[in-house]
Amino acid sequence: MRHHLTWMCCTLLSLGAFGQSDLMHALDLIGLQFDQSEQDSMYEGVMDSREAIIEMRSFSLSNDVPPALYFNPLPTDFQVSPAGDPVAWQIPEDVELPPNNSDLAFYSIMQLASLIKQQKITSTALTQFFLDRLTEHGDTLECVVSITKERALKMAAKADEEIASGAYRGPLHGIPYGAKDLLAVPEYLTTWGAMPYKDQMLEATATVVEKLDAAGAILVAKLTLGALAWGDVWYGGVTRNPWNLEQGSSGSSAGSASATVAGLVPFAIGTETLGSIVSPSTRCAASGLRPTFGRVSRAGAMALSWSMDKIGPICRSARDCAIVFEAIAGADGKDYTVMDAAFPYQQDADPKALRVGYFENLFNPKSANYQKDSVVLETLRQGGIKLEPITYDLEIPVGPLRIILNVEAAAAFDELTRSNQDSLLVRQIKNAWPNVFREARLIPAVEYVQANRMRSALIDKFHALIQDYDVIVTPSFSGSQLLVTNLTGQPCMVVPHGFAESGSGTSISFIGNLFEEHKILTLASYFQELTEHEDIHPPLFYNED
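Residues numbered from 1 in each chain as written. Predicted model: local features only at pLDDT ≥ 70, side-chain atom pairs only at ≥ 80, totals over all residues. Heavy atoms only, no water.

1. Some details on the packing of helix 2 (residues 20-29) against helix 3 (residues 36-56)
Packed helices, taken two at a time, are described by the angle between their axes plus the distance between the axes. Relative orientation of the contacting elements helix 2 and helix 3 amounts to 105 degrees, with a least axis distance of 10 Å. The angle between the axes of helix 2 and helix 3 places the two elements in the roughly perpendicular class. Of helix 3, the residues touching helix 2 (which contributes Gln20, Leu23, Met24 and Leu27) are Gln36, Gln39, Asp40, Met42, Tyr43 and Val46. A breakdown of the residues in the contact of helix 2 with helix 3 according to their chemical character gives six nonpolar, three polar and one charged. (Axes fitted to C-alpha atoms, helices over the stretch in contact; angles between N-to-C directions. Helix = DSSP H or I, 4+ residues; strand = E, 2+ residues; numbered from the N terminus. Parallel < 35°, antiparallel > 145°, perpendicular 65-115°, else oblique. Contact = heavy atoms within 4.5 Å. Nonpolar A, V, L, I, M, F, W, Y, C, P; charged D, E, K, R; others polar.)

Here it is in structure tokens:
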């Protein structure tokens, strides 16, 4: 019966007659009961709405047109600190070229910046080095959509000229990087990882790419993503985990994490709506920063969920994430959700001055990663961090709020569904976009609004839970925190803390208050100073000789 009603409600607005008995079944589907007189009164208005919807569909909306409503994640009475001075980055002066040139693949951004600033290597040479790495290993990992060679070498030559003349822009000047292939770059494909868009070329330049251009960074590749930002399956294959080529890299920022950890790029840009930075960073043992919602412009990026999409860096360390984050943050006058806010990050900040809590009840002894999660707490304690237990209990039903993402995604790809082009996507299982888009058509507009009202209550509730702390330590996937923090817009720094027997990375997450990325970056960097997880590289792509 359910399948019959689903088919019926999907087709009523475009095919055949819609009778009063159909109205009764439709009401039953969404759990409402009205008596016969009420249904009789409704019928004419429902038919008017039907005609209005059909008329709306005659007007084509491209993916880059946002709703006239903008999500604001700020809790009641929350104040954003205004933007201040730029970070005074301390670039080391004692870095030398490695005896084995292949070791450059795993140098940190600061190490590479030192070499370039001191002109021990040119940006052109470094760019060619990573272009060669991408050419050699990209097919093995199935992580590259396009190598942007012509653009990269032109930008690298410009960087070399500027640096030689003394016009040094900062630690990203002359540093190559990769971008998730949902960010538009003129003259190159922007495929969104999906067969219907595999030949798509967009004229716009994504703001994030523009900001990195301004910092002097060199785009060398457009990297894979799961189709329409879900998973690691794209139209060209399955992006691989560099630690275990039999395993996908997770997603949706699949190529960004895989390529970075394998040393094909020094860093990459990813996006997250619900786990798409956290999950591949975990699987590939990368360090990923999901910034506060409203920190980084999404202009020029594929829209999936206007109220949940976020853009952030995937790197090999939290320190590298801090460098990239500063470059890409800030308003651009195009994405109206973005606010300028302070980023008072200091490389020498004292992590022991932070007030740190941890979600005690999410450290579950039955979890496969419990031992590794517990070691993180012990490592921090031994490092002088005082940890305070917090009970994670929000008393709000969170799971149902996923309909916000589903409805917005279905709207973003409305024409894909109605044209039946969704049948071209590789993944056609029940738990994949084509089916989710269809199901979302039956979520009433009233319930979408109600879900967002519950979201407002959730924002205040979660803020009250963590506001007295600078950083919260939590297992990356326990409980509902990943969904909650993506709904509330909270920043998250995810870093590796070991490996599973399968070769998958494992991770811990550091959650912060809105617009306080500097604090979670400080604690995550300190944890990485106390451990060596980020210094281990996949042997298939790292020559130790």
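2. Details of a nonpolar patch on the surface
A surface patch of nonpolar side chains, amounting to about 220 Å² of accessible area, comprises Ile30, Leu32 and Phe34. A relative accessible area of 33% means that phenylalanine 34 is categorised as partly exposed. (Patch = residues over 30% accessible without salt bridge, like charges linked within 9 Å, V, L, I, M, F, W, Y side chains within 5 Å. Areas by Shrake-Rupley, 256 points an atom, 1.4 Å probe, with all protein chains shown as cover. Salt bridge = Lys/Arg side-chain N within 4 Å of Asp/Glu carboxyl O. Buried < 20%, exposed > 50% of the residue type's maximum accessible area, 1.4 Å probe, protein only.)

3. Quick word on the pairing of strand 10 (residues 310-315)
For strand 10, the tally of buried residues reaches six of six residues, placing the bulk of the element in the interior. By the bridge criterion, five bridges tie strand 8 (residues 268-272) to strand 10 in an arrangement that is antiparallel. Within strand 10, the residue paired with threonine 271 across the bridge is isoleucine 311. Pairing between strand 9 (residues 287-290) and strand 10: two bridges, direction antiparallel. Pairing of glycine 288 across the sheet is with isoleucine 314, part of strand 10. (Pairing = 2+ DSSP bridges.)

4. Quick notes on the side chain of glutamine 528
Assignment of secondary structure puts glutamine 528 in helix 17 (residues 517-530). A residue is classified by how much of its surface remains accessible, and glutamine 528, at 5% relative accessible area, is buried. A polar contact of 2.8 Å, which involves the side chain of glutamine 528, links it to the backbone nitrogen of alanine 318. (Polar contact = N/O pair within 3.5 Å; in protein donor to acceptor, adjacent residues only side chain to side chain.)

5. Some details on the nonpolar core
Ranked by internal contacts, the top residues of the largest apolar core, which has 120 residues, are Leu212, Leu228, Phe267, Val473 and Phe510. At eight residues, the largest contribution of residues to this core is made by helix 10 (residues 318-328). For phenylalanine 267, the residues in contact, after removing those within four places along its chain, are Ile109, Leu172, Ile175, Pro176, Tyr177, Gly178, Leu212, Ala217, Thr260, Ile314, Cys315 and Val324. In this structure, Leu141, Ala152, Ala262 and Val265 belong to the second largest nonpolar core, which totals 18 residues. (Core = buried A, V, L, I, M, F, W, Y, C linked by side-chain atoms within 4.5 Å.)

6. Observations concerning helix 16 (residues 481-488)
Counting buried positions over the eight residues of helix 16 gives eight, a clear majority of the element. The set of residues buried in helix 16 consists of Gln481, Leu482, Leu483, Val484, Thr485, Asn486, Leu487 and Thr488. Once helix 16 ends, the next one or two residues include glycine 489, with phi positive near 85 degrees.

7. Comments concerning unusual backbone geometry
Backbone geometry follows two general trends: most residues other than glycine have a negative phi, and most peptide bonds adopt the trans configuration. The residue after glycine 251, namely serine 252, is reached through a cis peptide bond having omega 10 degrees. Topologically, serine 252 is positioned in the loop between strand 7 (244-248) and helix 8 (254-261). The backbone of tryptophan 192 sits at a positive phi, close to 55 degrees, despite the residue not being glycine. Mapped onto the elements, tryptophan 192 comes out in the loop between strand 2 (176-180) and helix 7 (207-215). Even without glycine at this site, alanine 229 takes up a positive phi of about 65 degrees. Examined against the element boundaries, alanine 229 turns out to sit in the loop between strand 3 (218-223) and strand 4 (233-234).

8. Concerning helix 17
Here helix 17 contains 14 residues, and its C-alpha end-to-end distance of 20 Å stays within 8% of the 20 Å for a straight helix at 1.5 Å per residue. Counting buried positions along helix 17 gives 12 out of 14 residues, so the element sits mostly inside the fold. Considered for burial, the residues of helix 17 that qualify are Glu517, His518, Lys519, Ile520, Leu521, Thr522, Leu523, Ala524, Ser525, Tyr526, Phe527 and Gln528. (Expected span 1.5 Å × (residues − 1).)

9. What to know about the pattern of salt bridges
Applying the stated criterion across every chain, the model contains 18 salt bridges. A salt bridge links lysine 120 to glutamate 96; its shortest N-O distance comes to 3.0 Å. Here glutamate 96 lies in the loop between helix 3 and helix 4 (109-117) and lysine 120 lies in the loop between helix 4 and helix 5 (123-141), a separation of 24 residues in the sequence. In this structure, glutamate 210 engages lysine 334 in a salt bridge whose closest nitrogen and oxygen atoms are separated by 3.7 Å. Taken as a pair, glutamate 210 in helix 7 and lysine 334 in the loop between helix 10 and strand 11 (356-359) lie far apart in primary sequence, 124 residues in all. We classify glutamate 210 as partly exposed; its relative accessible area is 36%. Beyond isolated ion pairs, a larger network of salt bridges with shared partners links Asp414, Arg418 and Arg441.

10. A closer look at the sheet that holds strand 12 (residues 387-390)
Spatial strand order, 1-3-2-8-10-9-14-15-13-11-12: 11 strands in an open sheet with mixed pairing. Of all strands in the sheet, those with a lone pairing partner are strand 1 (144-147) and strand 12, marking the two edges. With strand direction ignored, the average angle separating the axes of adjacent strands in the sheet is 30 degrees. Bridge analysis of strand 11 against strand 12 gives four bridges, and the strand direction is parallel. Counted as the bridge partner of glycine 357 is glutamate 388 from strand 12. Those strands touched by helix 17 are strand 9, strand 11, strand 13 (471-475), strand 14 (492-499) and strand 15 (505-512), and its axis lies near 15 degrees from that of strand 14.

11. Structural notes on the packing of aromatic side chains
Overall, the coordinates contain 20 aromatic pairs when judged by the stated rule. A ring pair is formed by tyrosine 177 and phenylalanine 267, whose centres lie 5.2 Å apart and whose planes are at 5 degrees; its orientation type is stacked. Remark: phenylalanine 267 occurs in the loop between helix 8 and strand 8 and tyrosine 177 occurs in strand 2; sequence separation between them is 90 residues. Ring geometry for phenylalanine 325 and phenylalanine 343: centres 4.9 Å apart, planes at 75 degrees, overall edge-to-face. Note that phenylalanine 325 is positioned in helix 10 and phenylalanine 343 in the loop between helix 10 and strand 11, a separation of 18 residues in sequence. An identical accessibility class is assigned to phenylalanine 325 and phenylalanine 343; each is buried. Among the aromatic residues, those joined into a cluster by ring pairs are Trp192, Tyr197, Trp230, Phe413, Trp433 and Phe437. Here arginine 455 stacks its cationic end above the ring of phenylalanine 71, 3.7 Å away from the centre of that ring. (Phe/Tyr/Trp six-rings, centres within 6.5 Å; stacked < 30°, edge-to-face > 60°. Lys NZ or Arg CZ within 6 Å of the ring centre and 35° of its normal.)

12. Quick look at the environment of leucine 141
Relative to the helices and strands, leucine 141 is located in helix 5. Separated by 86 residues in sequence, leucine 141 and glutamate 55 have C-alpha atoms that sit 46 Å apart. Leucine 141 has contacts with Val238, Thr239, Arg240, Asn241, Pro242, Leu245, Ser258, Ala262, Leu264 and Phe541, leaving out every residue within four places of it along the chain.

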